[in-house]
Amino acid sequence: MNTKVNLAGVELKNPVMEASGTFGSGAEYGEFVDLNKLGAVVTKGVANVPWPGNPTPRIAETASGMLNAIGLQNPGIDLFAKRDIPFLKQYDTKIIVNVCGKSTEDYLEVVERLGDEPVDMLEINISCPNVKEGGIAFGQDPKAVEAITKAVKAKAKQPVIMKLSPNVTDITEMAKAAEAGGADVLSLINTLTGMKIDIYKQDFALANKTGGLSGPAIKPVAVRMVYQVANAVKIPIIGMGGIQTAEDAMEFILAGATAVAVGTANFNNPYATEQVISGIEDYMRRMKVDDIRTLIGKVK
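Below is a short write-up of the structure. What you are looking at is a predicted structure, and each value in this text was computed from that prediction instead of being measured.

Some remarks on the packing of helix H1 (residues 77–88) against helix H2 (residues 104–114)
And then number 1: Between H1 and H2, the least distance of the axes is 11 Å, while the angle of their chain directions is 35°. In this structure, H1 meets H2 at a crossing whose hand is right-handed. Residues Ile77, Asp78, Phe80, Ala81 and Ile85 of H1 touch H2, and the partners they reach there are Val110, Arg113 and Leu114.
And then number 2: Among the residues forming the contact of H1 with H2, the class breakdown is 6 nonpolar, no polar and 2 charged.

Structural notes on the sheet that holds strand E10 (residues 185–188)
And then number 1: One open sheet accounts for 8 strands, arranged E3-E16-E15-E10-E9-E8-E7-E4; its pairing is parallel. Every other strand in the sheet has two partners, leaving strand E3 (16–18) and strand E4 (40–42) as the edge strands with one partner each. Strand after strand, the sheet turns through a mean of 25° between neighbouring axes, direction not considered.
And then number 2: As judged from the 3 bridges shared by strand E15 (residues 237–240) and strand E16 (residues 259–262), these two strands associate in the parallel manner. Each residue of the ladder has a partner; that of glycine 239, found in E16, is valine 260.
And then number 3: Lying over the sheet, H2 contacts strand E7 (94–99) and strand E8 (121–125), oriented at roughly 170° with respect to E8.

Topic: the environment of alanine 205
And then number 1: Mapped onto the elements, alanine 205 comes out in the loop between strand E13 (203–204) and strand E14 (210–214).
And then number 2: We classify alanine 205 as buried; its relative accessible area is 18%.
And then number 3: Linking alanine 205 and glutamine 90, residues 115 residues apart in sequence, is a C-alpha distance of 40 Å.

Concerning the pattern of salt bridges
And then number 1: A complete count under the given rule lists 12 salt bridges for this structure.
And then number 2: The residue lysine 219 makes a salt bridge to aspartate 248 at a minimum N-O spacing of 2.7 Å. Of this pair, lysine 219 sits in helix H5 (residues 219–230) while aspartate 248 is found in helix H6 (residues 246–255), placing the two residues 29 residues apart along the sequence.
And then number 3: Lysine 219 gets classed as buried once you look at its relative accessible area, which sits at 14%.

Rules of the game
- Numbering of residues starts from 1 in every chain and runs along the sequence as written.
- Where local features are concerned, this predicted model is filtered to residues with pLDDT of at least 70; where side-chain atom pairs are given and counted, the filter is 80 or more; whole-chain, interface and lining totals use all residues.
- Water and hydrogen atoms play no part in the side-chain values, which are based on all heavy atoms of the structure.
- A fitted line through C-alpha atoms serves as each axis, taken over the contacting stretch for helices, and the angle formed by two N-to-C directions is quoted from 0 to 180°.
- Only DSSP runs of H or I covering at least 4 residues are called helices, and only runs of E covering at least 2 are called strands; the numbering of each starts at the N terminus.
- Left-handed describes a crossing whose near helix is turned anticlockwise from the far helix through less than a right angle; right-handed describes the clockwise counterpart.
- Contacts are assigned to residue pairs that have any heavy atoms within 4.5 Å of one another.
- Nonpolar residues are Ala, Val, Leu, Ile, Met, Phe, Trp, Tyr, Cys and Pro. Charged residues are Asp, Glu, Lys and Arg, and all others, Gly as well, are polar.
- Strand pairing follows a simple DSSP-based rule, namely that at least 2 bridges must link the two strands.
- Buried means the residue's accessible area, taken with a 1.4 Å probe over protein chains only, is under 20% of the maximum for its type, while exposed means over 50%, and partly exposed covers the values in between.
- The rule for a salt bridge is simple: a side-chain nitrogen of Lys or Arg has to be within 4 Å of a carboxyl oxygen of Asp or Glu.

Below is the structure:
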């Protein structure tokens, strides 16, 4: 049985990773999950300088999911390179570093620093607000998507994954813009913007007012967007959004994703990634499939 998949020349032993921001940089889950079993580990977002994140409260439960407005709190590239990369290099898994920034220059500073580090791929989070463009996220304007992708590709030494925001009218327009800019892989979806109000305090549940909705509630939207993008571009896709089980993961693969990422499920089930990996193998046995690649985009 072959569970290996290929993302822009990087071979993963299986198609399962975790979604950025739900797993720290791997060490936090080391006592629950054998990182050697994962196809890749995706780190929390890393910026050129440490970010303190948003004020609290910044997490709220919702029906079938959660809202978060963490604000991409992170230690910055210097501490990340010194502490987290050496930790991950102990394991037989691919390392994907998620990169965030407030301007094109911020992203490029991190991308250039990572050029000399032993990491396998870069995932560029373009859901960040572009401070020079009045705060609109890079990922919400196709011209900005193409421009940031081109700029990153010009500096990156590793294959580049562009992580798309679902908070747009037409996800395929953004996917095509990233492809035109030279993206090697796309990952989608990031969180949907949502809000919760505490009716007893008569105030917002999050200090930031709005937050990113994730978890099972967003899965049907995510599957639809992955399907649309898979039929609009020619580059591989990492699908994510509400994956809790192998059955969920298989929906994304059949819709056109080459690999999948488990996110919010890690918070209430730290064993979720390993269970999805073994569940995909069980599914392949049951369906008498000997190569996972034959299932990618099978549903047209």
